[in-house]
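A closer look at the structure
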Amino acid sequence: NAGVTQTPKFQVLKTGQSMTLQCAQDMNHNSMYWYRQDPGMGLRLIYYSASEGTTDKGEVPNGYNVSRLNKREFSLRLESAAPSQTSVYFCASRRDSRGMNTEAFFGQGTRLTVV
Amino acid sequence: QKEVEQNSGPLSVPEGAIASLNCTYSDRGSQSFFWYRQYSGKSPELIMFIYSNGDKEDGRFTAQLNKASQYVSLLIRDSQPSDSATYLCAVRSMGRRALTFGSGTRLQVQP
């Protein structure tokens, strides 16, 4: 059981380049999330998708776009990468965004460096 | 004021001692509270959650919630070097579809 799978694990981009981070879950969860984690800042929500076909902005959405391709997949796109987007990105899923006690399961993370 | 606050640490305890990790939150509408453990370079993994005032025990771990004072804590009994990690507090508030995380407390258990 793979859980939440992210690709790639590591990436180095030049300023201005674009890329898409992929995320897939096999737990039949409705809700999926993208977080970024920076030293001393904890996990900050970029975008989330409460269910297939819907996406909403989180705390730090600027410079990113997302696509909920189907129930399993939720991708994050950087159209023009900036050094400030150097971070570790985590994808997560939950069974139901309304569930009070449903935990979030995390992917293994993508370490992105923008030079 | 951050929505979820944690002391960044490091909190250093000797092996076998009790480690006490604290978290405060600002939204009185918060409904459920989660503790995640994150080893260096790894993804967060859930230790336990709590949503009622009082204590909840699971093995060596006890979560404590006091909604009136807006804090939640995690006690780790008989701390082991393998408990050395960053502990993230996460809160689910009414009307929010995602968990809000604190910045984490780094715990070091000295052999």
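Residues numbered from 1 in each chain as written. Chains lettered and ligands numbered in written order. Predicted model: local features only at pLDDT ≥ 70, side-chain atom pairs only at ≥ 80, totals over all residues. Heavy atoms only, no water.

**Points about the overall build of chain B**
In terms of regular secondary structure, chain B is built from 0 helices and 11 strands. Over its C-alpha trace chain B gives a radius of gyration of 13 Å, about what one expects of a compact globule, namely 13 Å for 111 residues. Its C-alpha atoms put chain B at 45 × 30 × 20 Å along the principal axes. Of the contacts formed within chain B by residues at least 6 apart in sequence, a portion of 55% connects residues at least 24 apart. Surface accessibility of chain B: about 5,200 Å² in total, with carbon and sulfur atoms responsible for 45%. Each charge class in chain B was averaged separately, 12 positive and 10 negative side chains, and the resulting centres sit 7 Å apart. (Helix = DSSP H or I, 4+ residues; strand = E, 2+ residues; numbered from the N terminus. Rg over C-alpha atoms; globule rule 2.2 N^0.38 Å. Contact = heavy atoms within 4.5 Å. Areas by Shrake-Rupley, 256 points an atom, 1.4 Å probe, with all protein chains shown as cover. Lys, Arg positive; Asp, Glu negative; His and termini not counted. Charge placed at Lys NZ, Arg CZ, Asp CG, Glu CD.)

**Section: the pattern of salt bridges**
Residues and elements named next belong to chain A. In total, this model carries 6 salt bridges over all chains according to the counting rule given. Among the salt bridges present, the one from Arg36 reaches Asp38, with a minimum N-O distance of 2.9 Å. Measuring nitrogen to oxygen at the nearest pair gives 3.1 Å for the salt bridge that ties Arg77 to Glu79. A relative accessible area of 44% means that Glu79 is categorised as partly exposed. (Salt bridge = Lys/Arg side-chain N within 4 Å of Asp/Glu carboxyl O. Buried < 20%, exposed > 50% of the residue type's maximum accessible area, 1.4 Å probe, protein only.)

**Some remarks on the packing of aromatic side chains**
Taken as a whole and assessed by the stated rule, the structure comprises 12 aromatic pairs over all chains. Each ring, one from Phe106 of chain A and one from Phe101 of chain B, has its centre 5.9 Å from the other, and the planes form 75°; the classification is edge-to-face. With one member in each of two chains, Phe106 of chain A in strand β10 (residues 105-106) and Phe101 of chain B in strand β10 (residues 100-101) form a pair that bridges those chains. The residues Phe106 of chain A and Phe101 of chain B share a single accessibility class, namely buried. The interplanar angle of 45° and the centroid separation of 5.9 Å between the aromatic rings of Phe34 of chain B and Phe49 of chain B together place this pair among those described as tilted. Taken together, the residues span a long stretch of sequence, with Phe34 of chain B in strand β4 (residues 30-38) and Phe49 of chain B in strand β5 (residues 45-50) at a distance of 15 residues. (Phe/Tyr/Trp six-rings, centres within 6.5 Å; stacked < 30°, edge-to-face > 60°.)

**Digging into the interface of chain B and chain A**
In this complex, chain B contributes 22 residues to the contact, which on the side of chain A involves 24 residues. With both chains or domains summed, chain B and chain A bury close to 1,800 Å², and 56% of this area falls on carbon and sulfur atoms. Considering only the side of chain B, the residues that lose the most area to chain A are Arg92, Arg97 and Phe101 of chain B, jointly responsible for 34% of the buried surface there. Where chain B meets chain A, there are 0 salt bridges. For the pair chain B and chain A, the number of links is 4 residue pairs in polar contact (both at pLDDT 80 or more). Put simply, the parts of the chain that give the side of chain B that touches chain A at least two residues each are β4, β5 and β9 (85-93) of chain B. With 5 residues, β4 of chain B is the single largest residue contributor to the side of chain B that touches chain A. In terms of residue class, the side of chain B that touches chain A is made up of 10 nonpolar, 7 polar and 5 charged. (Buried area = accessible area lost by both parts, 1.4 Å probe. Polar contact = N/O pair within 3.5 Å; in protein donor to acceptor, adjacent residues only side chain to side chain. Nonpolar A, V, L, I, M, F, W, Y, C, P; charged D, E, K, R; others polar.)

**Re unusual backbone geometry**
Pro8 of chain A follows Thr7 of chain A through a cis peptide bond whose omega is -5°. Relative to the helices and strands, Pro8 of chain A resides in the loop between β1 (4-7) and β2 (10-13). Backbone torsion omega between Gly9 of chain B and Pro10 of chain B reads 10°, so that peptide bond is classified as cis. The topology assignment puts Pro10 of chain B in the loop between β1 (4-5) and β2 (11-14). For Asn28 of chain A, which is not glycine, the phi torsion reads 60° and is therefore positive. Located in the positive-phi region is Gln70 of chain B, a residue other than glycine, with phi close to 60°. Mapped onto the fold, Gln70 of chain B is located in the loop between β7 (61-66) and β8 (71-76).

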